[in-house]
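Residue-level structure breakdown
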There are 2 protein chains.
Amino acid sequence: MKIVVDAMGGDYAPSEVVLGAVDATVLDKNVEVVLVGKSAEINAVLNECEYDKKRIEVVDASDVITNDESPTMAIKLKKDSSLVKAFERLMSDESASAFVSAGSTGAVLAGAFMKVGRIRGVSRPALAPVLPTLTGNGMVLCDCGANVDCKPLNLLHFAIMASSYAQAMLGVEKPRVGLLNNGVEAHKGNELTKEAYELLSASGDINFVGNCEARDMLTGDFDVVVSDGFAGNVALKTAEGTANLLLKLIKKGVYGGGLKTKLGAAMLKPVFKDVKTKLDFNAVGGACFLGINKVIVKAHGASKRGAISASILQAQDLASKNVCEKIREGVTAANARQAESAEE
Amino acid sequence: MKIVVDAMGGDYAPSEVVLGAVDATVLDKNVEVVLVGKSAEINAVLNECEYDKKRIEVVDASDVITNDESPTMAIKLKKDSSLVKAFERLMSDESASAFVSAGSTGAVLAGAFMKVGRIRGVSRPALAPVLPTLTGNGMVLCDCGANVDCKPLNLLHFAIMASSYAQAMLGVEKPRVGLLNNGVEAHKGNELTKEAYELLSASGDINFVGNCEARDMLTGDFDVVVSDGFAGNVALKTAEGTANLLLKLIKKGVYGGGLKTKLGAAMLKPVFKDVKTKLDFNAVGGACFLGINKVIVKAHGASKRGAISASILQAQDLASKNVCEKIREGVTAANARQAESAEE
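Residues numbered from 1 in each chain as written. Chains lettered and ligands numbered in written order. Predicted model: local features only at pLDDT ≥ 70, side-chain atom pairs only at ≥ 80, totals over all residues. Heavy atoms only, no water.

The subject of this paragraph is the side chain of B:His157. Residues and elements named next belong to chain B. Among the structural elements, His157 can be located in helix H6 (residues 152–170). Take His157: its relative accessible area is 1%, and that puts it in the buried class. Within the structure, the side chain of His157 is placed 2.7 Å from the side chain of Asn335, a separation counted as a polar contact. Among residues more than four places away in sequence, those in contact with His157 are Gly121, Val122, Ser123, Val331 and Asn335. (Helix = DSSP H or I, 4+ residues; strand = E, 2+ residues; numbered from the N terminus. Buried < 20%, exposed > 50% of the residue type's maximum accessible area, 1.4 Å probe, protein only. Polar contact = N/O pair within 3.5 Å; in protein donor to acceptor, adjacent residues only side chain to side chain. Contact = heavy atoms within 4.5 Å.)

Looking now at the side chain of B:Asn190. Here B:Asn190 is to be found in the loop between strand E8 (176–181) and helix H7 (191–202). When residues no more than four places from it in sequence are discounted, the contact partners of B:Asn190 are A:Val148, A:Asp149, A:Phe230 and B:Asn181.

Okay, the pattern of salt bridges next. Following the criterion strictly, the structure yields 31 salt bridges over all chains and no others. Between A:Asp93 and A:Arg89 there is a salt bridge, with the nearest N and O atoms lying 3.1 Å from each other. Residue B:Glu213 pairs with B:Arg215 through a salt bridge whose shortest N-O separation is 3.3 Å. The class for B:Arg215 is partly exposed, based on a relative accessible area of 33%. One network of salt bridges, with partners in common, ties together A:Lys2, A:Glu57, A:Arg89 and A:Asp93. (Salt bridge = Lys/Arg side-chain N within 4 Å of Asp/Glu carboxyl O.)

So, about the interface of chain B and chain A. Interface size is commonly expressed as the accessible area that is lost once the parts come together. Every contact between the two is made by 51 residues of chain B and, on the other side, 51 residues of chain A. Across the chain B to chain A interface the summed buried area is about 4700 Å²; carbon plus sulfur atoms make up 75%. Of all residues in chain B, B:Leu134, B:Phe230 and B:Met267 give up the largest surface area on contact with chain A, accounting jointly for 15% of the area buried on that side. One can count 4 salt bridges joining chain B with chain A. Notably, a salt bridge pairs B:Glu213 with A:Lys237, separated by 2.3 Å at the nearest N-O pair. (Buried area = accessible area lost by both parts, 1.4 Å probe.)

The next thing to look at is the packing of helix H9 (residues 259–267) of chain B against helix H10 (residues 269–278) of chain B. Helix-helix packing is described using two parameters, namely the angle between the two axes and the distance between the axes. All names here are of chain B. It is the contact of H9 with H10, at a shortest axis distance of 4 Å, that shows an interaxial angle of 55 degrees. Taken as axis vectors, H9 and H10 run oblique relative to one another. Contacts from Ala265, Ala266 and Met267 in H9 reach Lys269, Pro270 and Phe272 in H10. When its residues are assigned to classes, the contact of H9 with H10 shows 5 nonpolar, no polar and 1 charged. (Axes fitted to C-alpha atoms, helices over the stretch in contact; angles between N-to-C directions. Parallel < 35°, antiparallel > 145°, perpendicular 65-115°, else oblique. Nonpolar A, V, L, I, M, F, W, Y, C, P; charged D, E, K, R; others polar.)

Residues spaced three or four apart along an α-helix face the same direction, because each turn holds 3.6 residues. All names here are of chain A. Given a rise of 1.5 Å per residue, 13 residues ought to cover 18 Å, and the 18 Å separating the end C-alpha atoms of helix H1 (residues 15–27) matches this to within 8%. Across the 13 residues of H1, 10 count as buried, placing the element largely inside the fold. Residues of H1 that are buried include every one of Glu16, Val17, Val18, Leu19, Gly20, Ala21, Val22, Asp23, Ala24 and Thr25, and no others. (Expected span 1.5 Å × (residues − 1).)

What follows concerns the pairing of strand E9 (residues 207–213) of chain A. Residues and elements named next belong to chain A. Taking burial as the measure, the 7 residues of E9 include 5 buried ones, the bulk of the element. Sheet topology note: the strand E8 (residues 176–181)/E9 ladder contains 6 bridges and is parallel. Bridge assignment links Gly178 to a residue of E9, and that residue is Gly210. Crossover connection from E8 via helix H7 (residues 191–202) to parallel E9: handedness right-handed. (Pairing = 2+ DSSP bridges. Right-handed = clockwise from strand over helix to strand, strands pointing away.)

What follows deals with the packing of aromatic side chains. Here the structure, examined in full by the defined rule, presents 5 aromatic pairs over all chains. Taken together, a centroid distance of 5.4 Å and an interplanar angle of 75 degrees make the contact between B:Tyr197 and B:Phe208 edge-to-face. In this pair, B:Tyr197 is assigned in helix H7 and B:Phe208 in strand E9 (residues 207–213), connecting sequence segments 11 residues apart. B:Phe208 shares its class with B:Tyr197; the two are buried. We note A:Lys53 situated over the ring of A:Tyr51; from NZ or CZ to the ring centre the distance is 4.8 Å. (Phe/Tyr/Trp six-rings, centres within 6.5 Å; stacked < 30°, edge-to-face > 60°. Lys NZ or Arg CZ within 6 Å of the ring centre and 35° of its normal.)

Residue and element names in this part refer to chain B. Taking strand neighbours across the sheet as the criterion, the 7 strands line up as E3-E2-E1-E4-E12-E11-E5 in an open arrangement whose pairing is mixed. At either end of the open sheet lies a strand with only one pairing partner, and these are strand E3 (56–60) and strand E5 (126–128). Between one strand axis and the next, the sheet turns by 25 degrees as a mean value, whatever way the strands run. Of the pairings in the sheet, the one linking strand E2 (residues 32–37) to E3 comprises 5 bridges and is parallel in character. The partner of Val33 across the bridge, within E3, is Ile56. Strands in contact with helix H2 (residues 39–46) are E2 and E3; relative to E3, the strand with the most contacts, it is inclined by about 155 degrees. Where helix H5 (residues 105–116) meets the sheet, its contacts fall on strand E4 (96–101), E5, strand E11 (287–290) and strand E12 (295–298), and the angle it forms with E12 comes to roughly 170 degrees.

With that settled, consider the environment of B:Lys53. If you trace the backbone, B:Lys53 turns up in the loop between H2 and E3. In sequence terms B:Lys53 and B:Glu32 are 21 residues apart; their C-alpha atoms lie 9.8 Å from each other.

Excluding glycine, residues mostly have negative phi values, and the peptide bonds linking residues are mostly trans. Residue A:Ala13 is joined to A:Pro14 through a cis peptide bond whose omega torsion reads -5 degrees. Turning to its location among the elements, A:Pro14 is positioned in the loop between strand E1 (2–6) and H1. The peptide bond linking B:Cys142 to B:Asp143 adopts the cis configuration, its omega dihedral lying at 5 degrees. Within the fold, B:Asp143 resides in the loop between strand E7 (139–142) and H6. If you check the backbone angles, A:Asn322 has positive phi at about 55 degrees while not being a glycine.

Right, let's talk about the confidence of the model for chain A for a bit. Summary statistics for chain A give a mean pLDDT of 94 and a share of 99% for residues scoring 70 or more. Interface confidence for the predicted complex, expressed as ipTM, amounts to 0.93; the pTM equals 0.94. (pLDDT = per-residue confidence, 0-100.)

Let us now look at the relation of the copies chain B and chain A. With an axial shift of 0.0 Å and an RMSD of 0.1 Å, the rotation relating chain B to chain A amounts to 180 degrees. Here the symmetry operator amounts to a two-fold rotation axis. Relative to the rotation axis, the closest C-alpha in chain B is found at B:Gly264, a distance of 1.9 Å. Interface residue correspondence from chain B to chain A reaches 100%, placing this contact among same-surface, isologous pairings. (Least-squares fit on C-alpha atoms with pLDDT ≥ 70 in both.)

It is worth spelling out the sheet that holds E9(A) at this point. Residues and elements named next belong to chain A. Spatially, E6-E7-E10-E8-E9 is the arrangement adopted by the 5 strands of the open sheet, whose pairing is mixed. Since the sheet does not close on itself, it has two edges, and those belong to strand E6 (130–131) and E9, each with one partner. Here E6 pairs with strand E7 (residues 139–142) via 2 bridges, running antiparallel. Following the sheet pairing, Val130 is matched in E7 by Val140. The strands touched by helix H6 (residues 152–170) within the sheet are E6, E7, E8 and strand E10 (224–226), with E7 carrying the most contacts at an inclination of about 150 degrees.

Set out below in structure tokens:
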């Protein structure tokens, strides 16, 4: 099983991406990586490393897609970019089952959609990060930005896809699915969530536990929270922003305080460090683009070698657990059920 | 100028509401309060207090609307409820210019809409709390839940109303207005925000500074952030939930730590207390229901006397600054401009 990696994507590419790939092969003896990008630059980094040469292959690509380009146009026009060449390799090589990039989110989504294609039956692929929770188990938020305008059926598909994903990533057998809403009561919501609530309740294919108010999203009471990509994006970024704000306010208070305050802060350092790690919204590998024919992991743009190797191992794990196949089965069954109930 | 107060609304009604009203009259010699609710219970609390009897009036109402009732039905049917009687007094008494309740949000919104009415020209009244920011100046989020499905024109009206409100509440002359969106770039957004961006950019009636990503909402770079009520509700509650989660994680770390950790936490207590105060999402009085003919302040359900008196003083301040009149002028001007540009 091979993991195709866009070596030119991310703020620290290609060096940190190459180092992360090397680390992944050291950490897991089964990992094989195909690094796609400017081969001279990639090889310069590889030459400084000790690694199993049979398990890292380099594919040359002379061009790079940046964050500033129109994703769709870039995928169409930049045929020699690392991203396009990586997707082509993913499609032409049967042993290649997963893909990792820390590059432009828009371009990764557009490229995956156009070059790899969505799973038959999936109405809309969706982006799903794992967020930290109070209990430490983590929670899958789906969608967080790929689909800013949604229909109720999309949300049912998100629930099915994210449930398969949560089984693999979080190790929960029957992931508890919540619907992000503006109240817990069944009648609450906008046009979309009211209809989605009915669909999710009636579906026997997931373990739907009801509406999830945004303030309860990170309590650990939900393994999966589904949302349209706009509200999901707002939830994800508000959580990031608020955690950041709070830590900054504490820091400000410590700097502005006296010797006692500073001493207290020094003594609490391990706690702060631990909390920061627990609340790291990028810690649990990358976000997975669910509903695509192969495993697509989008690592954070600021990923260094540790985050890259984690994303590669995550991609390997998801592929070995046949997440795409499970999503295909789940969505097919749900669609059949929908068709039946429409006939009734 | 009189402030009509629903004495039976809130988790600690009527005692804390009555005490808060008394405090408000002590803090501001111009405040006059009309307490509406079960007069025997209200008077029992008042009899224990020292206050200027000329400035607190009690109006009897035998019934109470709870959180569990359908708001519209309750307003229609419970004619003897404190809420309905309070709104009736607000309308029949010209010297009554503002209203405060810590009761059911749904019932307060429905009652204000049905009994007090919206300002002519306002497409949709909207709920606007003031949220804490890193700079300490605060920010008005509008709408946060009154309108879960919106049209672009609604968002323009929210921007105008919230700007008038921010001028009065935050003391900024030209409030910087941001549009809550899934990216800062002008082309980003869902159907609603893309169109709203055009409207807000073209409007000369507000100081529109562009899209606001949810993670930047609390930085202090925006005085007003407009959103449909669904996404605004998600943003508000995610911020609350995340702040809560982070403080809980720190607490957990302190409890689980050794003597040194606990000592450090004790030394940092003033900092934590200060941060908690700064990040109190209910500190800045209540949320204002903008676009109604009189000032409507919805205090938090868990308000104790301090929060109630703050809400009463806030209502008094907004009424004395003629916020409703300013909203009327702003919306009228914007509508005229819209009509002109439609003709062109």
